[in-house]
Amino acid sequence: QAHLVESGGGLVQTGGSLRLSCAASERTFTRYNMGWFRQAPGKEREFVAHMDWSGTSIDYADSVKGRFTISRDNAKSTVYLEMNSLKPEDTAVYYCAAASVRSRSQAHYAYWGQGTQVTVSS
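Along each chain, the written sequence defines residue order, and numbers are assigned to residues from 1. Given that the model is predicted, a residue must reach a pLDDT of at least 70 before its local features are reported, and side-chain atom pairs must reach 80 or more before they are shown or counted; all residues, however, enter totals for whole chains, interfaces and linings. The side-chain values count all of the structure's non-hydrogen atoms but skip hydrogen atoms and water molecules.

Colleague: What is the right way to read the state of the cysteines from this model?
Modeller: Two cysteines, two sulfur atoms, one covalent bond between them: this is a disulfide. When two cysteine sulfur atoms are found within 2.5 Å, that pair is recorded as a disulfide. Applying the stated rule across the entire model yields 1 disulfide. One disulfide in the model links C22 with C96; its S-S distance is 1.9 Å. Judged by the sign of its S-S torsion, about 50°, the cystine formed by C22 and C96 is right-handed. You can see C22 sitting in strand β3 (residues 18-24) and its partner C96 sitting in strand β9 (residues 92-99), a full 74 residues away along the chain. Both residues of the pair, C22 and C96, belong to the buried class. Only DSSP runs of H or I with at least four residues qualify as helices, and only runs of E with at least two residues qualify as strands; both kinds are numbered from the N terminus onward. When a residue's accessible area, from a 1.4 Å probe over protein chains only, is under 20% of the maximum for its type it is buried; when over 50% it is exposed; and in between it is partly exposed.

Colleague: Even after reading the chapter, I still don't get the sheet that holds strand β8 (residues 78-83), so can you show me in this structure?
Modeller: One key point about sheets: their strands pair by backbone hydrogen bonds, in either a parallel or an antiparallel sense. Taken in spatial order, the 4 strands line up as β1-β3-β8-β7 in an open sheet, and their pairing is antiparallel. In this open sheet, the two strands that pair with only one neighbour each are β1 (4-7) and β7 (68-73). The average undirected angle you get between the axes of adjacent strands in this sheet is 15°. With 6 bridges joining them, β7 and β8 adopt antiparallel strand pairing. By the bridge assignment for β8, F68 is matched with M83. Two strands pair if DSSP finds at least two bridges between them. All axes are obtained by fitting lines to C-alpha atoms, using only the stretch in contact for helices, and the reported angles, taken between N-to-C directions, cover 0 to 180 degrees.

The following block contains the structure:
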């Protein structure tokens, strides 16, 4: 059983930046592929980014490529999402999740955090 807790969300103006953190209590954190997803009101939860356990396989959704950066610190059991050049369409609840394989599919992620709200104003 993994326990994931996101933090770092908030209100930011268009063009601003935020850094989200996801702390894991699971002792096998270093063996998981970690992903970020987001869900806007009335919309399906969508893939944002993922990184495998070694950090050698990284993937981003086209909508965030070049603006967001995923990273992880296995010594701290923490994964990060650096969000730059934020747009109003980035407004959503952001979730971190853990999977046993590299994937964009939510079905492969067994453990989820509670989410952190990101609001981008114009």
